[in-house]
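# Commentary on secondary and tertiary structure
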Amino acid sequence: MAMLNFGGTEEKVVTREEFPLEKAREVLKDETIAVIGYGVQGPGQSLNLRDNGFNVIVGQRKGGASWDKAVQDGWVPGETLFEIEEAADRGTIIQYLLSDAAQIEVWPRIKPYLTPGKALYFSHGFGITYNDRTNIVAPEGVDVILVAPKGSGTSLRRLFLEGRGLNSSFAIDQDATGRAFERVVALGIGVGSGYLFETDFKREVYSDLTGERGTLMGAIQGIFEAQYDVLRANGHSPSEAFNETVEELTQSLMPLVAENGMDWMYANCSTTAQRGALDWKDKFRDAVKPVFEDLYESVATGQEAQRSIDSNSQKDYRVKLEKELKELSDSEMWQAGRTVRKLRPENAG
């Protein structure tokens, strides 16, 4: 494992150069990887593993949309696609990739198949970290490991097909076999990680829940709404408000940030934009930092986890979710977004 220095802080990382795909295949040559769940992370991870030459099977409830999707993706019922319990029985590594709520529900059906020597794999630390609420406690004889790609399963698959990788964190919560490290790193390379950085289950879920509610999804939508509404209230058209709020950010500026960082993006903007950004960034930071502190405390105390468990376990959860998402979709800002996207050169006429 290499050590990287980030401004005086050292982190342990594993790169594809020091742990190549050939080595990962050798480590897992006698393993059967059972991917349980075919929703968000399941398709990307299982398909990448399969394409990389690993022995992979999928476990999913028969008859549902996800089962049909797995069949469409080339998984063969009775050969590489099974009911959940049979896949768990066959697997020596069980990748538990159901949603957090589904993990709680299905756990009693999975646990009997966690016999000594197997590995239980997660891509989110939720179930283990909040086990006082989820009741997900692994038997002593199995490795408990985590690889958490820093993006959706869709992004993981797309980048893999482009010959690229998505960075992932990895963690070991229980090393029962003495092979947990080589197993988790081999799996991380196999699913298509760019590089792997070390964490633990608690830090993974704390950072993940904070990020989802913060800059990745919750905060950015709130900021979008605030700026769009102010522009519209001051007489700007929907097209102008959307382009200045969302389109320029996602299509022009964020690719520059991804390429070389925020300072490089600033350096490649107009001097007027530079001056304004530098003058106002601290005001925005000071305004939102208390919100992030409240958010992190809510995550650390388990309030966010409990809220997620309570809401996701309700029978009408999907109905309520669709209603909230429809309200978002029907808002003027995102209606404007659909129109603007159609007018992009690659989509025009």
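Going along each chain's sequence as written, the residues are numbered from 1 onward. Only residues with pLDDT of at least 70 get local features here, since the model is predicted, and only at 80 or more are side-chain atom pairs given and counted; chain-wide, interface and lining totals rely on the full set of residues. Think of the side-chain values as coming from all heavy atoms in the structure, minus any hydrogens and water.

For the protein, the name recorded in an unreviewed UniProt entry is Ketol-acid reductoisomerase, with Neolewinella marina as its organism.

Classification of ring pairs uses Phe, Tyr and Trp, with its six-membered ring standing for Trp, and accepts pairs whose centres are within 6.5 Å; under 30 degrees between planes counts as stacked, over 60 as edge-to-face, and the remaining range as tilted. With the rule as written, the count across this model stands at 10 aromatic pairs. We call a charge positioned over a ring when the NZ of a Lys or the CZ of an Arg lies within 6 Å of the ring centre and within 35 degrees of the ring normal. The positively charged end of arginine 50 is found above the aromatic ring belonging to tryptophan 75, 4.4 Å away from the centroid. Above the plane of the ring of tryptophan 280 lies lysine 283, whose end atom (NZ or CZ) is 4.3 Å from the centre.

What follows deals with the domain arrangement of the protein. Here the bounds of each domain stem from an automatic or database domain assignment. You can read the domains of the protein as domain 1 (2-199) and domain 2 (212-347). If you average the C-alpha positions of domain 1 and of domain 2, the two centres end up 30 Å apart. Contacts are residue-level and defined by heavy atoms, with any inter-residue pair within 4.5 Å sufficient. Taken together, the contact between domain 1 and domain 2 spans six residues of the former and seven residues of the latter. Summed over both partners, buried area is the accessible surface (1.4 Å probe) that two parts give up on being assembled. Here domain 1 packs against domain 2, burying approximately 590 Å² in sum over the two surfaces, 63% of which is carbon and sulfur. Ranking the residues of domain 1 by area buried against domain 2 places Phe126, Tyr130 and Arg133 at the top, with a combined share of 72%. We count a salt bridge whenever a side-chain nitrogen from Lys or Arg sits within 4 Å of a carboxyl oxygen from Asp or Glu. Applying the counting rule to domain 1 against domain 2 returns zero salt bridges. Polar contact is defined as a pair of N or O atoms within 3.5 Å, subject to the rule that within protein one atom must be able to donate a hydrogen and the other to accept it, and that residues adjacent in sequence are counted only when both atoms are side-chain atoms. On inspection of domain 1 and its partner domain 2, the count reaches three residue pairs in polar contact (both at pLDDT 80 or more). Those elements that provide at least two residues to the side of domain 1 that touches domain 2 are helix 5 (100-110) and helix 7 (131-134). Put simply, Ala, Val, Leu, Ile, Met, Phe, Trp, Tyr, Cys and Pro go in the nonpolar bin, Asp, Glu, Lys and Arg in the charged bin, and everything else, Gly too, in the polar bin. Here the residues of the side of domain 1 that touches domain 2 sort into four nonpolar, one polar and one charged. In this description a helix means any DSSP run of H or I spanning at least four residues, a strand means any run of E spanning at least two, and both kinds are numbered starting from the N terminus.

Okay, helix 8 (residues 153-161) next. Three or more residues of helix 8 are buried, namely Gly153, Ser155, Leu156, Arg157, Leu159 and Phe160. Residues of helix 8 that are buried in the fold lie against helix 2 (42-51), strand 8 (143-149) and strand 9 (166-174). Categorising residues by exposure relies on relative accessible area from a 1.4 Å probe, with only protein chains included: less than 20% of the type maximum marks a residue as buried, more than 50% marks it as exposed, and the intermediate range marks it as partly exposed.

We call a set of buried Ala, Val, Leu, Ile, Met, Phe, Trp, Tyr and Cys residues a nonpolar core when their side-chain atoms join them within 4.5 Å. Residues Phe19, Leu28, Ile33, Trp75 and Tyr121 are the most contacted members of the largest nonpolar core, which totals 32 residues. Those elements that place two or more of their residues in this core are helix 1 (21-27), strand 3 (33-36), helix 2, strand 4 (56-59), helix 3 (65-72), strand 7 (119-122), strand 8 and helix 9 (180-190). Take this core: its biggest share by element is six residues, from helix 9. In this structure, leucine 28 is in contact with Ile33, Phe54, Ile93, Arg183, Ala186 and Leu187, ignoring residues within four places of it in sequence. Within the second largest apolar cluster, 26 residues are counted, among which are Trp107, Phe122, Ala138 and Phe201.

Right, let's get into the side chain of serine 46. By the secondary structure assignment, serine 46 is in helix 2. A distance of 2.7 Å separates a polar atom in the side chain of serine 46 from the backbone oxygen of glycine 42. Excluding residues that lie within four positions of it along the chain, serine 46 makes contacts with Val35, Tyr38, Val56, Val58 and Trp75.

Before going further, it helps to spend a moment on the UniProt feature "binding site: Mg(2+) 2" (unreviewed entry) in the protein. UniProt positions are given in the numbering used here, feature names are shortened, and annotations may be inferred rather than shown by experiment. With numbering aligned to this structure, UniProt lists the feature "binding site: Mg(2+) 2" (unreviewed entry) at Asp208, Glu244 and Glu248. A stretch of 41 residues holds the annotated residues, and the largest C-alpha distance among them is 28.5 Å, long enough that they do not meet in one place. In the annotated set above, the residues contributing to the lining of the second largest pocket are Glu244 and Glu248. Residue position: glutamate 244 is located in helix 12 (residues 238-260). Excluding residues within four positions of it along the chain, glutamate 244 makes contact with Gln227 and Leu231. The contact partners of glutamate 248, leaving out residues within four places of it in the chain, are Asn243 and Leu253. Of the grid points, spaced at 1 Å and generated over the protein atoms alone, those admitting a 1.4 Å probe that cannot get out make up cavities, while open sets with protein on both sides within 12 Å along at least five of seven lines make up pockets; any residue with an atom within 4 Å of a point is treated as lining.

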